[in-house]
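Residues per chain, in single letters:
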Amino acid sequence: PYCQIIDTTPHTQPIVADLFKQTQESGNPPGKDDAEDANSPKTVQEYIDETPFWADGTKLPCISMTRMQWRIWWTATAGKFFEGMIIFMTGVALPLIVMEFDLDAASKGLVSSSSLFGILVGASFLGSLADQLGRKFMFISEMAILVVFLTMVSFAPNIHLLVFALFGVGMALGCDYPTGHMVISENIPSRARGKLVLGAFAFQAVGALAGTAVGYFTLYDNPSISAWRWMYASTIIPATVILVGRFFISDSCHWLVASGKIAKAEKEMSRLLKRDPPYPKTIKIATTGEKTPRHHKGISLKAYLYLFDKNNIRRTVLASVPWFIQDLGTYGIGIFTPTIIAGAIGAEIKDPHNLAALVHNDMLAAKSAALIDVLLIVGIVFAILLTDRIGRIKLQIFGFLGCSCGLFVAGISAFFDGTLQIALVFAGFMLFNFMTNIGPNAQTYLLSGEVFPIGLRGKGAGFAASFAKIGAVVTAFFFPILLVDIGTTALLGILIAAYLTGAAITWLFRIETKGINLENI
């Protein structure tokens, strides 16, 4: 025992720190009973958050993630990558789809909004099933659904089947909003939760850039009207690889304990925390008393109404309303940035009547949008670095205000001509993309998966994502119509007012979750 205490290798907290303290107090070497105390039951999060101590009791700042924890993280990042890629790729594919099926403005809005409407339905309906069927089960199911419907999109023979297939793709992506967040946040240390959840979320921005790039290079290599099919088909094989990988992760021990499956939770915890040398050698999970109430289970209207009782209404408003407001701008600006940019810089061919002219416009818009989308990645990098330092609420408010400034700069470009107009459009949209990802786009996603209790987390995060996507669907459907009817400047003015409202609501209903144990929020 004394050799353990003076060994300079860091040991885990309950063994070395407790033995060191007991030896210092009593002057006697610790015995068998002390070792048994070191193996006393702990809650799920206590096991995950456990950090090593040096021999003198000095606590190390963190413990390295296990191989399983990183596997979970990497397979979860794929869902956000595919969402960004598919949604933003639609902006490049849309003109080709319009030409192939000869669509009017309303049908064009239907195509651009169908996947967003699928996200709306999938987040609440499929995402809530994670509370009933388990995090891992839905984590696998959503990727299988995505592969099936991406294949349908690629071979859709008519507009009706295309809209249906895009809706199915959206269903899968919507389910990932709550499940992707939960499989990460419920399996990693509290101190790193914000960084790692947003690190995965950052792949939405990477996917947005990749989607625009895939669209451009597909057109460059295959300048045909059917090029949009190859754009969507390019995601099928990567999605299948991720689907296979998700079969080999551990399930959420938080959910298993809340469902009363203690023995299985201990088995899954052993898989999650498998290390070399093995630690902990034995796992005895102590419950926190938070077992999912029977009336919270299921997907009935009554189960959802508990999101609006006196204990949860503040959480629900904070998680859903600011997210709704931010999606009004993010999806509208994101999908139609190529169109707005191409028109603003004056290099597009007006009313293209042949394929060559259409491809010229589409490639020009894709290159311009890609330059602006880079700021999405820069913004999310800053969010990752700052969210566990400054906090979710402050960054969300700061981001809303910054987005308003960016939209204002882009809006006043209409009053100028030439190079200055182009510079203002690019500067405004670049500032908007940076501020939305450092603030509301990242923080609303992070908060929605943290503020609800375990038994309602899938429903709460799913409802918040669905409510947000109402804003995205409305924007995607009406944006092309409003761009024609009221113009870009007036439309941006409406979005500025909405973003200022988002900052106010965030402050009024604020709940800061920075670094707090999920079992204690």
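Structure's up top.
Right, let's walk through the structure included here. Model, not experiment: these values are computed from the prediction. (Residues numbered from 1 in each chain as written. Predicted model: local features only at pLDDT ≥ 70, side-chain atom pairs only at ≥ 80, totals over all residues. Heavy atoms only, no water.)

1. Side note on the nonpolar core
So, step 1. Counting residues in hydrophobic clusters, the biggest one holds 124 residues, and the most contacted among them are Phe 82, Leu 146, Leu 162, Ile 184, Trp 228 and Met 269.
So, step 2. With 17 residues, the single largest contributor to this core is helix H5 (residues 67-101).
So, step 3. Counting residues in each nonpolar core, the second largest holds seven residues, with Leu 126, Leu 129, Met 171 and Cys 175 among its members. (Core = buried A, V, L, I, M, F, W, Y, C linked by side-chain atoms within 4.5 Å. Buried < 20%, exposed > 50% of the residue type's maximum accessible area, 1.4 Å probe, protein only. Helix = DSSP H or I, 4+ residues; strand = E, 2+ residues; numbered from the N terminus.)

2. Section: the packing of aromatic side chains
So, step 1. Summed over all chains, the structure comprises 19 aromatic pairs.
So, step 2. Note on Trp 70 and Trp 73: the rings are 5.8 Å apart at their centroids and 85° apart in plane angle, and the pair reads as edge-to-face. Residue Trp 70 and its partner Trp 73 are both found in helix H5; the two are separated by three residues, about one turn of the helix.
So, step 3. Residue Trp 70 is classed as partly exposed on the basis of its relative accessible area, which comes to 35%.
So, step 4. Ring centres 6.3 Å apart and planes at 80° place the aromatic pair Trp 228 and Tyr 232 in the edge-to-face group. With a gap of four residues between them, Trp 228 and Tyr 232 both fall in helix H10 (residues 227-233), about one helical turn apart. In this pair, the class of Trp 228 matches that of Tyr 232, namely buried. (Phe/Tyr/Trp six-rings, centres within 6.5 Å; stacked < 30°, edge-to-face > 60°.)

3. Quick look at a positive patch on the surface
So, step 1. A cluster of like positive charges, contributed by Lys 59, Arg 191, Lys 195 and Arg 389, occupies part of the molecular surface.
So, step 2. For Lys 59, the location among the structural elements is in the loop between strand E2 (52-53) and H5.
So, step 3. You can call Lys 59 partly exposed: its relative accessible area is 48%. (Patch = residues over 30% accessible without salt bridge, like charges linked within 9 Å, V, L, I, M, F, W, Y side chains within 5 Å. Areas by Shrake-Rupley, 256 points an atom, 1.4 Å probe, with all protein chains shown as cover. Salt bridge = Lys/Arg side-chain N within 4 Å of Asp/Glu carboxyl O. Lys, Arg positive; Asp, Glu negative; His and termini not counted. Charge placed at Lys NZ, Arg CZ, Asp CG, Glu CD.)

4. Some points on a nonpolar patch on the surface
So, step 1. A contiguous nonpolar patch, built from Val 374, Val 378, Val 381, Phe 382 and Leu 385 and spanning about 370 Å² of accessible area, is present on the exposed surface.
So, step 2. Position of Val 381 among the secondary structure elements: in helix H16 (residues 355-386).

5. Focus on the environment of Leu 482
So, step 1. Within the secondary structure, Leu 482 sits in helix H20 (residues 454-485).
So, step 2. By relative accessible area, Leu 482 is classed as partly exposed at 29%.
So, step 3. Discounting chain neighbours no more than four positions away, the residues touching Leu 482 are Gly 487 and Leu 491. (Contact = heavy atoms within 4.5 Å.)

6. A few points about the side chain of Thr 513
So, step 1. Relative to the elements of secondary structure, Thr 513 occurs in the segment after helix H21 (487-508).
So, step 2. Take Thr 513: its relative accessible area is 0%, and that puts it in the buried class.
So, step 3. A polar contact is formed between the side chain of Thr 513 and the side chain of Glu 450, at a distance of 2.3 Å.
So, step 4. Contacts of Thr 513, omitting those with residues within four sequence positions, involve Arg 193, Arg 392, Leu 447, Glu 450, Val 451 and Ile 521. (Polar contact = N/O pair within 3.5 Å; in protein donor to acceptor, adjacent residues only side chain to side chain.)

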